[in-house]
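# Structural features, examined
Here are the chains, one letter per residue:
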Amino acid sequence: MPQPEVLLYGLPLAFLAGFIDAVAGGGGTITLPTLFFMGLSPAQAVATNKLLAIFGSGSATFQYWRKGHVEKALVLRLIPLALVGSALGAYLVHFVNPNAFRTLVGVVILGVGVLVLVNKRFGLEDRYPGLTPRTLALTLPGALIIGVYDGFLGPGTGTFLMFLFTLVGFNLVRSSGNARTINFATNLGAFLFFLIGGQMVWWIGLPMGAANALGATLGARMAMLRGSGFVKVMYGLIVVLVAARLLTQ
């Protein structure tokens, strides 16, 4: 069992992860390895990471929601599909080895990042047309598929969600707000599932969750203050971080 001094590095890393995740997603690429390094078993690390995630994603969602950067009419339609997809993905893990897909997903995430960064105007202007047939045709199946991925493998879920929302016309700040809201819903669903299993290490998860929430609050405010150009740079960094994790595991 880890000793209390592990929080000396766990807390600042949880804060950093919350900041990054609130801006561009990918915070789990920091917190999950940190929990392993602290001495938690795989089951404890995954469960405790979901405890952190609801603090961070909940805090970021609140910041974006209160400032009007969440498209409620669309997001509330997508959350049920993302939850169903996440449950389906968790079920599929019992039949298909997710490690077989890590390299493929890593390459796809890099490709998505290149598309976003090479197109200089992509995500910098808000051109969301509303609940048009095209919007629904892209986002409804997109939320379900990304939900499946979240339950099946996980790293890069926020990255894919942001790309989906930017694709239908949102700028990157609003894409981040929408993505964090859906991520909060899927994290909450996973948290309730892992809560039943009794693997959460509460004395680590609660203080690190509080640090994660503080980082997420700062990150969301910074994203809204600095705008889509700042988010785009952070997005590029997160794409590299997530892809590196997937390709090297």
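Numbers given for residues are sequential positions, taken from 1 along each chain in its written order. Totals for whole chains, interfaces and linings use every residue, but because this is a predicted model, local features are given only for residues with pLDDT of at least 70 and side-chain atom pairs only at 80 or more, for both listing and counting. Excluding hydrogens and water, the side-chain figures rest on all heavy atoms present in the structure.

Time to look at the UniProt feature "transmembrane region" (unreviewed entry) in the protein. UniProt positions are given in the numbering used here, feature names are shortened, and annotations may be inferred rather than shown by experiment. The UniProt record marks residues 74–94, 100–119, 131–149, 155–173, 185–205 and 225–247 with the feature "transmembrane region" (unreviewed entry), using the residue numbering of this structure. The span residues 100–119 carries 85% helix and 0% strand; its end-to-end C-alpha distance comes to 31 Å. Helix numbers and strand numbers start at the N terminus; a helix is a DSSP run of H or I with at least 4 residues, a strand a run of E with at least 2. Taken end to end, residues 131–149 has its terminal C-alpha atoms 25 Å apart, with 89% of it in helix and 0% in strand.

Given the number of residues in a helix, its expected span is that number minus one, multiplied by 1.5 Å. The first and last C-alpha atoms of helix α6 (residues 133–152) sit 29 Å apart over 20 residues, in line with the 28 Å expected at 1.5 Å per residue. Only protein chains enter the accessibility calculation, which uses a 1.4 Å probe. A residue is then buried if its area is under 20% of the maximum for its type, exposed if over 50%, and partly exposed in between. For α6, the complete set of buried residues consists of T135, T139, G142, A143, I146, G147, V148, Y149, D150 and F152. Buried residues along α6 sit against α3 (42–66), α4 (72–92), α5 (102–118), α7 (157–167), α8 (172–197) and α10 (228–248). Positive phi shows up at G154, right after α6, with a value of about 110 degrees. Residues are treated as being in contact if the distance between any of their heavy atoms lies within 4.5 Å.

Whether two aromatic rings pair depends on their centres lying within 6.5 Å, for rings of Phe, Tyr and Trp, where Trp uses its six-membered ring; planes under 30 degrees apart make the pair stacked, over 60 edge-to-face, and the rest tilted. Inspection of the entire model under this criterion finds eight aromatic pairs. Ring centres 4.1 Å apart and planes at 15 degrees place the aromatic pair Y128 and F170 in the stacked group. Taken together, the positions of Y128 in the loop between α5 and α6 and F170 in the loop between α7 and α8 put the pair 42 residues apart, joining distant regions of the chain. On the basis of relative accessibility, which here comes to 0%, the residue F170 falls in the buried class. Linked through ring pairs, Y128, F165 and F170 together constitute an aromatic cluster.

Once that is clear, we can look at the nonpolar core. We define a nonpolar core as any set of buried Ala, Val, Leu, Ile, Met, Phe, Trp, Tyr and Cys residues linked to one another through side-chain atoms lying within 4.5 Å. Of all hydrophobic cores here, the largest spans 50 residues; its most connected members are V23, I182 and Y235. Ranked by residues supplied to this core, first place goes to α10 with eight residues. For V23, the contacting residues outside a window of four places in its chain are Y64, M162, S176, R180, G219, A223, F230, V231 and M234. Counting residues in each nonpolar core, the second largest holds 13 residues, with L40, A45, L52 and I204 among its members.

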